Amino acid sequence: MDALLAKLDALIAKKRDIKQAAMQQLLTGRTRLPGFSEAWEAKRLGDMLKVRHGKSQHGVAVVDGAYPILASGGEIGRTNIYLYDRPSVLIGRKGTIDKPQYQDKPFWTVDTLFYTELSNSTDPKFIYFKFVMIDWRSYNEASGVPSLNASTIESIEIFAPSHAEQTAIATILSDMDAEIAALEARRDKTRDLKQGMMQELLTGRIRLVGTVIN
């Protein structure tokens, strides 16, 4: 079991490295996908999206709500009222500013987490992967708790292809993410199975074939 877990960990690390290399090539245009040759354009993020502020969760938070309440560090509660219901890329306004999140289902964000309204000509998952590549700490505007400004985000310039190529790139990278997630789920299941086997074998509740008590 330990050997299998080690192999799975090594395979996951390899797949992550492959994905990282693919992001470096595909998201910069250094490697082009078949069927695409149109030049990429320099664009401000503000031409592709609008950064919006979250709101306080007080008054909307409920136990076992239908939608997540999100902060810069992740989900912090549930609600039955959503703030936005379209695919969006989220980035911390204060605190954790270098961990972009992607949401394609209705959600609520608190004031420490920006969300984005994307134009119809922009692929949301492409922008998410672009956000992952940005060194957000270099845009930090506070000496204490790390902070970002909406206008600063919208002023960042990136190179982007046509909407069709954005979608094609996002699909490939999303497939890689799905493969990694499946391997991680397999590893976690194997780890749980090993833990269960240890409980049974090391207490004698299950005996191996051929084992005899003298």
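Residues numbered from 1 in each chain as written. Predicted model: local features only at pLDDT ≥ 70, side-chain atom pairs only at ≥ 80, totals over all residues. Heavy atoms only, no water.

Enquirer: Let's hear about the sheet that holds strand β3 (residues 67–71): which residues, and what values?
Expert: Spatial ordering of the open sheet is given by β4-β3-β7, a layout of 3 strands whose pairing is mixed. Each edge of the sheet is formed by a strand with only one pairing partner; in this case those strands are β4 (74–79) and β7 (108–109). Relative to β4, β3 runs antiparallel, the two being bridged by 5 bridges. Looking at β4, one finds that P68 is bridged to R78. (Pairing = 2+ DSSP bridges. Helix = DSSP H or I, 4+ residues; strand = E, 2+ residues; numbered from the N terminus.)

Enquirer: Describe a nonpolar patch on the surface, with residues and values.
Expert: Where nonpolar side chains cluster on the molecular surface, the patch consists of M1, L193, M197, M198, L201, L202, I206 and L208 and spans about 740 Å² of accessible area. As for its position among the elements, L193 is in helix α5 (residues 163–201). (Patch = residues over 30% accessible without salt bridge, like charges linked within 9 Å, V, L, I, M, F, W, Y side chains within 5 Å. Areas by Shrake-Rupley, 256 points an atom, 1.4 Å probe, with all protein chains shown as cover. Salt bridge = Lys/Arg side-chain N within 4 Å of Asp/Glu carboxyl O.)

Enquirer: Tell me about the sheet that holds strand β8 (residues 113–118), and please be specific about residues and values.
Expert: Pairing in this open sheet of 4 strands is antiparallel, and the strands run β2-β8-β5-β6 from one edge to the other. Both outer strands of the open sheet, β2 (49–52) and β6 (101–103), are each paired with one neighbouring strand and no more. Across the sheet, the mean angle from the axis of one strand to that of its neighbour is 30°, orientation sign disregarded. With 3 bridges connecting them, strand β5 (residues 88–92) and β6 associate as antiparallel partners. (Axes fitted to C-alpha atoms, helices over the stretch in contact; angles between N-to-C directions.)

Enquirer: How would you sum up the environment of G74? Please name residues and give values.
Expert: Locating G74 in the fold gives a position in strand β4. Here G74 falls in the buried class, since its relative accessible area comes to 15%. The residues touching G74, leaving out its near neighbours within four places in the chain, are I69 and Q101. (Buried < 20%, exposed > 50% of the residue type's maximum accessible area, 1.4 Å probe, protein only. Contact = heavy atoms within 4.5 Å.)

Enquirer: So, the nonpolar core: which residues are in play, and what are the values?
Expert: One finds L45, I127, F131, W136, I153, I169 and L173 to be the most contacted residues of the largest nonpolar core, which totals 31 residues. Not counting the four nearest positions on each side in its chain, I169 is found in contact with L26, L27, L33, W40, F126 and P161. Counting residues in each nonpolar core, the second largest holds 12 residues, with V60, I69, L70 and W108 among its members. (Core = buried A, V, L, I, M, F, W, Y, C linked by side-chain atoms within 4.5 Å.)

Enquirer: Residue-level account of the pattern of salt bridges, with values.
Expert: What the rule picks out here adds up to 15 salt bridges. K194 is the partner of D2 in a salt bridge, and the nearest nitrogen-oxygen pair spans 2.6 Å. In this pair, D2 sits in helix α1 (residues 2–26) while K194 sits in helix α5, placing the two residues 192 residues apart along the sequence. On the accessibility criterion, K194 (23% relative accessible area) is partly exposed. As a salt-bridge pair, R191 and D188 come within 3.3 Å of each other at their nearest N and O atoms. Of this pair, R191 and D188 both sit in helix α5, 3 residues apart, which is roughly one turn of that helix.

Enquirer: Go over helix α3 (residues 124–133) with me, naming the residues and quoting the values.
Expert: Two residues of an α-helix separated by three or four positions point the same way, owing to the 3.6 residues in each turn. Among the 10 residues in α3, 7 count as buried, and that is most of the element. Residues of α3 that are buried include every one of P124, F126, I127, Y128, F129, K130 and F131, and no others. A distance of 3.0 Å separates the backbone nitrogen of K125 from a side-chain oxygen at the start of α3, and that oxygen is part of D123. (Polar contact = N/O pair within 3.5 Å; in protein donor to acceptor, adjacent residues only side chain to side chain.)

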